[in-house]
Amino acid sequence: MTGYWIQDVKSIFPESTQFVGFDNIPEGYPPLDPPLEIVKQNLVDEFPTEWENNFDFVHQRFVIPLFAESEVQPVLRKLIKCMKPGAWIQLVEMDFKTPVSEPLEACQAAQKFHELTSSVVSDPLASTKLAARLNEEGLADVGYKTVDMIAGSSHPNPALGERGRRNMSSVMAYFQSVSSAEKVGMTEQEWASLPKKFEDEMSKYKIAVRVYFVWGRKPVV
Ligand SMILES: C[S@@+](CC[C@H](N)C(=O)[O-])C[C@H]1O[C@@H](n2cnc3c(N)ncnc32)[C@H](O)[C@@H]1O
């Protein structure tokens, strides 16, 4: 819950671009520079009718794996409904299952990160299925790319490594806030020291997560 994406794209999209950001818990975000704001909207509820066929670009990040398998397609349909004909959708989601940190045997906290996140989300591999789902919905030019995103000191760009470190720490904090030591078979002490251990590993090892970037275009009929 950083609001990074909307702030970043504002700096590269044309000045006249209007943005609508939403989340079920908008109060979880830090204040954004006006006119940017995050409004309250649940992905499973009806969207405002004025959103229908109204967007040139729809972006959704780090939320789909929280949904049960049966809920994903209806959620994607809602997002697709917001797109104008010819508009693009971009989905960015982590693969919570596949460990890509190195050396893996030394990265105990990173391994716990995978265990914790996989035990919370409904489908840890939801990211790997998104391109097929967009094809199923009849989108054109569907494609995807995976990037193993490095967080911390091993990133070749120190500023991006630092941002990745903060991001991963906040992802860990989010998942710890919705789980417990007991649920992942850890002692209270191990649970409490997990964020610090993860931080240490991000400064010592190559801590990375595989992220899927998936896109598609709404056909012009
Ligand atoms: C890991 S955070 C990602 C936040 C943001 N998309 C980003 O990339 O920084 C997951 C977010 O999904 C939101 N969320 C969970 N279930 C939701 C739902 N049913 N509708 C809308 N947002 C939801 C949570 O409130 C949380 O802010």
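As shown above, the structure is provided for reference.
Residues numbered from 1 in each chain as written. Predicted model: local features only at pLDDT ≥ 70, side-chain atom pairs only at ≥ 80, totals over all residues.

Novice: What am I meant to see in the pairing of strand E3 (residues 55–61) here?
Specialist: Where a strand is regular, its side chains alternate between the two sheet faces. Sheet analysis places E3 next to strand E4 (residues 83–95), joined by six bridges and oriented parallel. Pairing of Val58 across the sheet is with Ile89, part of E4. One crossover worth recording links E3 to the parallel E4 by way of helix H2 (residues 69–81), and it is right-handed. (Pairing = 2+ DSSP bridges. Helix = DSSP H or I, 4+ residues; strand = E, 2+ residues; numbered from the N terminus. Right-handed = clockwise from strand over helix to strand, strands pointing away.)

Novice: Explain the environment of Val92 to me, please; I cannot follow it from the model alone.
Specialist: Structurally, the position occupied by Val92 is in strand E4. Placed 53 residues apart in sequence, Val92 and Lys145 show a C-alpha to C-alpha distance of 9.8 Å. Ignoring sequence-local partners within four residues, the contact set of Val92 consists of Arg61, Phe62, Val211 and Phe213. (Contact = placed C-beta atoms within 7 Å.)

Novice: Quick question: what am I supposed to make of the sheet that holds strand E6 (residues 207–217) here?
Specialist: The sheet built from four strands is open, its strands ordered E3-E4-E6-E5 with mixed pairing. If you trace the sheet from one side to the other, it starts and ends with E3 and strand E5 (140–151), each paired once. Taking the axes of each pair of neighbouring strands and ignoring which way they run, one obtains an average angle of 15° across the sheet. (Axes fitted to C-alpha atoms, helices over the stretch in contact; angles between N-to-C directions.)

Novice: Explain the environment of Phe198 here, please?
Specialist: Mapping Phe198 onto the fold places it in helix H6 (residues 188–204). Setting aside chain neighbours within four positions, we find Phe198 in contact with Ala109, Ala110, Phe113, Ser169 and Met172.

Novice: Just to check I follow, could you spell out the site of the ligand for this structure?
Specialist: Looking at the ligand, there are 15 residues lining it, with Asn24, Ile25, Leu43, Arg61 and Phe62 nearest. Of the residues in the shell around the ligand, the class split is nine nonpolar, four polar and two charged. (Near = placed C-beta within 6 Å. Nonpolar A, V, L, I, M, F, W, Y, C, P; charged D, E, K, R; others polar.)

Novice: So what exactly am I meant to see when it comes to unusual backbone geometry here?
Specialist: Comment: phi is negative for the bulk of residues other than glycine, and the bulk of peptide bonds are trans. In this structure, Pro35 follows Pro34 across a cis peptide bond, with omega equal to 10°. Mapped onto the fold, Pro35 is located in the loop between strand E1 (21–23) and strand E2 (38–40). Here Glu102 and Pro103 are connected by a cis peptide whose omega angle stands at -10°. Inspection of the secondary structure assignment puts Pro103 in the loop between E4 and helix H3 (108–120).

Novice: Any chance you could explain the nonpolar core here in plain terms?
Specialist: Burial of nonpolar side chains together is a common tendency in soluble globular proteins. Core analysis: the largest hydrophobic core is formed by 19 residues, its most contacted members being Ala109, Ala110, Phe113, Ala151, Phe198 and Ile207. A total of four residues in this core trace back to one element, the largest contributor, which is H3. Setting aside residues up to four positions removed in sequence, Ala151 forms contacts with Gly161, Gly164, Arg165, Asn167, Met168, Met202, Ile207 and Ala208. Among the nonpolar cores identified, the runner-up in size contains 14 residues, and Met83, Leu130, Leu139 and Trp215 belong to it. (Core = buried A, V, L, I, M, F, W, Y, C linked by C-beta atoms within 7 Å. Buried ≥ 20, exposed ≤ 12 C-beta atoms within 10 Å, placed from the backbone.)

Novice: It is not clear to me how helix H5 (residues 158–177) should be interpreted in this structure. Could you clarify?
Specialist: Helical geometry note: an α-helix holds 3.6 residues per turn, so side chains three or four residues apart project in the same direction. Here H5 contains 20 residues, and its C-alpha end-to-end distance of 28 Å stays within 8% of the 28 Å for a straight helix at 1.5 Å per residue. Those residues of H5 lying buried are Gly164, Arg165, Met168, Val171 and Met172. Viewed end-on, H5 has its buried residues packed into an arc of 130°, placing them on one side of the element. Seen from the buried face of H5, the exposed residues on the opposite side, beyond 90 degrees, are Ala159, Ser170 and Ser177. Residues of H5 that are buried make contact with H3, E5 and H6. (Expected span 1.5 Å × (residues − 1). Arc of directions from axis to C-beta.)

Novice: Looking at this structure, I do not really get H6. What am I missing?
Specialist: The terminal C-alpha atoms of H6 lie 25 Å apart, and with 17 residues this matches the ideal 24 Å at 1.5 Å per residue to within 8%. Those residues of H6 that sit buried are Leu194, Phe198, Glu201 and Met202. Where H6 is buried, its residues meet H3, E5, H5 and E6.

Novice: How do you make sense of the environment of Glu201 when you look at a structure like this?
Specialist: Tracing the chain through its elements places Glu201 in helix H6. Judged by the 23 C-beta atoms lying within 10 Å of it, Glu201 falls in the buried class. C-alpha separation for the pair Glu201 and Glu136, spaced 65 residues apart in sequence, amounts to 40 Å. Setting aside anything within four residues of it in sequence, one finds Glu201 in contact with Cys107, Ala109, Ala110 and Ile207.

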